[in-house]
Amino acid sequence: MAADTSKPFFPTAPNQALLPSRGAAARASLDGSYWRAFRSSELVSGADFPVTDLTFAPAAAASPTLAAAWSTSLHLFSGDPLQPLRRISVAGDLAFSPSFRCDGALLAAGDKRGVVRVFRADKPAAGAALRTLRAHAAETRVVRYPVAGGDKLHLFTAGDDALLTYWDVPSETPVFSVPAAHRDYIRGGAASPADHNLFSTGSYDRSVKLWDARTGNTGPSLSFSHGELVESVLFLPSGGLLATAGGNVVKIWDVIGGGRLVHSVESHVKTVMALALGKMANATGETRLLSAGIDGYVKIFDFGKLKMTHSLRHPQPLLSVACSPCGTVLVAGSAKGKIYMGKRKKKAVDGEDEGKKAGSGEIDWVSPKPEKPVLRPNYYRYFLRGQNEKAKEGDFVIEKPKKVKVAEHDKLLRKFRHKDALVSALVKNNPRSAVAVMEELVARRKLVRCIWNLDTEELGLLLEFLRRNATLPRYARFLLGVANKVLEMREEDIRSDEKLRMHIRNLKRMVGEEIQIQHTLQGIQGMISPMLALATR
């Protein structure tokens, strides 16, 4: 029987019981599901040489290519998935900071002696250096080609000798050099994506500087302090924001606004060694800031919403991180010679395209996005809101009052267990607390009854306390009155017990010594008084 097409056909809303819960939808965020689709594997595992730098060829290259600075060589990987392409030796010295030209045809890298070499990256047979740039006297840790403007002739270098050089590569001559660009090692550098003349450097002197090649060596255009030893510097895609990494902090600065701090991220527990940009290969195509640290984590930060969206854990400390221009391959280099490669599953990528095609049919129904639940006073989470929020600059913080610890004798007094409160204070042997308890019992008219109900051991505690503290000037008047009351009430018990009689003898001796001291002090006072009277005349 054919279907009746004369009537309009509308999709039916799904059963609410079959829809995912709001909590599950909240947990499965867009960023979280995207980065969880990466499946990590070891791309290279060899000798314990640190993988100091990783970089991908730009999107304009013929095929995505990865360059890794590992020991004395530059290792190139290409293909889908990545496969070893070839190895470029750097004259027997440790290699640092590989950088592709904007077209991906050339690859420049520094070494431990300060020499910068330029190689062909687009031809498999090429192995010898095309150009050799010599100006540095120490390790060249920063080698960067310009990113914007299609500049293929220049690059800038910096190293542990604090020298900054801007090169004309074809002639192997420096356009200008800044001998003391920083006061310590220069370990971070980045080229601006907005202008090929702008680049920045970060140093172990905790400063970050912005340079303009058009002004030459007249000095930096902008300078500000990161507060920690700067390990990496990176421009965000707009070119107006700059990210710096030092210590366990990643900071974002507004360079157009004169170096104003925009946000500070403290998600790592150890030093952050590298920064990179990762493009999400999905419908949004947004870019995220990646940071790798010695704690083994790669953190993904949404700099548009200023919040951390995901983190990836690795078993070894990380020194470098990079993401392919298409956003499907994520690599991280460890301090022990391993390169971890994360690649998205093809099903996850293809599924998005299939979903788009399926939505173009006659019946186009999309599951509604779960709305964020509104917190109401009858929800438990309503009373927990805001407890995890951190105070911002300028906020007035009201500290929660500390919980007061109540002593044991105070608890017993609240329960009207007067004798137990007195014994508890005597056991602690704190004169201030014990006298305070006795005064409270006097106010309640319970001290006499408590003394009468004390057994032999508890009475011994009271007599011992009186022997030690009855002669203190602060408590003498009160405690001597208590001692007289004890002797009047418990005379028979004291006579019948040897230990109690010993306490009384000790108390009597202490009182006698105190009386003798008072007589001596009175004699001294009598001798001093006439002299004071003469002195006043």
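Here, residues in each chain are numbered from 1, in the same order as that chain's written sequence. Residues qualify for local features only when their pLDDT is at least 70, as the model is predicted, and side-chain atom pairs are given and counted only at 80 or more; totals for whole chains, interfaces and linings, by contrast, use all residues. With hydrogens and water set aside, each side-chain value is computed from the structure's full complement of heavy atoms.

A. Looking closely at the packing of helix 8 (residues 456-469) against helix 11 (residues 498-536). Remark: helix 8 packs on helix 11, axes separated minimally by 9 Å, with the N-to-C direction vectors making an angle of 10°. One way to sum up the angle between helix 8 and helix 11 is to call them roughly parallel. Here Thr 456, Leu 459, Gly 460, Leu 463, Glu 464, Leu 466 and Arg 467 of helix 8 come into contact with helix 11, specifically with Leu 500, His 503, Ile 504, Asn 506, Leu 507 and Met 510. Axes, fitted as lines to C-alpha atoms, cover a helix only where it is in contact. Angles between the N-to-C directions of the axes lie from 0 to 180 degrees. Working definition: helices are DSSP H or I runs of at least four residues, strands are E runs of at least two. Numbering for both runs from the N terminus. Roughly parallel covers angles under 35 degrees, roughly antiparallel covers those over 145, roughly perpendicular covers 65 to 115, and oblique covers all other angles. Here, two residues are considered to be in contact whenever any of their heavy atoms come within 4.5 Å of each other.

B. Representation of the nonpolar core in the model. Ranked by size, the top nonpolar core spans 32 residues in total, and within it Met 438, Leu 462 and Leu 479 carry the most contacts. Broken down by secondary-structure element, the contributors of at least two residues to this core are helix 4 (408-414), helix 5 (418-428), helix 6 (431-444), helix 7 (447-453), helix 8, helix 9 (476-489) and helix 11. Setting aside its immediate chain neighbours within four residues, Leu 479 contacts Val 435, Met 438, Phe 465, Leu 466, Asn 469 and Ala 470. The criterion is simple. A nonpolar core is a set of buried Ala, Val, Leu, Ile, Met, Phe, Trp, Tyr and Cys residues joined through side-chain atoms within 4.5 Å. A 1.4 Å probe rolled over the protein chains alone gives each residue an accessible area, and that area as a share of the maximum for its type sets the label: buried under 20%, exposed over 50%, partly exposed in between. Grouped together as the second largest cluster of nonpolar side chains are 17 residues, Tyr 34, Val 298, Val 321 and Cys 323 included.

C. Just the packing of aromatic side chains, in detail. Paired rings are identified among Phe, Tyr and Trp, the last through its six-membered ring, by centres lying within 6.5 Å, and are further divided according to the angle between planes into stacked (under 30 degrees), edge-to-face (over 60) and tilted (the rest). One pass over the full model with this rule turns up nine aromatic pairs. Ring geometry for Tyr 34 against Trp 35: centres 5.1 Å apart, planes inclined by 90°, an arrangement best described as edge-to-face. The exposure classification of Tyr 34 matches that of Trp 35, with both residues buried. Seen from their ring centres, Phe 156 and Phe 199 are 4.2 Å apart, and the 15° between their planes marks the pair as stacked. With Phe 156 in strand 11 (residues 154-158) and Phe 199 in strand 15 (residues 198-203), this pair connects stretches of sequence that are 43 residues apart.

D. A look at unusual backbone geometry. You will see that Arg 206, though not glycine, has its phi angle at about 75°, which is positive. Take Arg 206: it is sitting in the loop between strand 15 and strand 16 (207-212).

E. Structural detail: the packing of helix 5 against helix 8. At their nearest, the axes of helix 5 and helix 8 sit 10 Å apart, and the two run at 50° to each other. Classified by the angle their axes make, helix 5 and helix 8 are oblique. In terms of crossing hand, the pair formed by helix 5 and helix 8 is left-handed. Touching Lys 419, Val 423, Leu 426 and Val 427 of helix 5 are Glu 458, Leu 461, Leu 462 and Phe 465, all from helix 8. Three classes are used: nonpolar for Ala, Val, Leu, Ile, Met, Phe, Trp, Tyr, Cys and Pro, charged for Asp, Glu, Lys and Arg, and polar for all others, with Gly counted as polar. Taken together, the residues of the contact of helix 5 with helix 8 break down into six nonpolar, no polar and two charged. Crossing chirality is assigned from the near helix's rotation relative to the far helix, an anticlockwise turn below a right angle marking it left-handed and a clockwise turn marking it right-handed.

F. Representation of the sheet that holds strand 19 (residues 241-246). Two strands qualify as a pair provided that DSSP identifies no fewer than 2 bridges between them. Pairing is antiparallel in the open sheet, where four strands are placed in the order 18-19-20-21. The sheet is open, and its two edges are formed by strand 18 (230-235) and strand 21 (260-265), each paired on a single side. The mean angle between the axes of side-by-side strands here comes to 20°, regardless of whether they run parallel or antiparallel. As paired strands, strand 18 and strand 19 are joined by five bridges and run antiparallel to one another. By the bridge assignment, Leu 234 is partnered in strand 19 with Ala 243.

Function-wise, these values are silent; they only describe arrangement.
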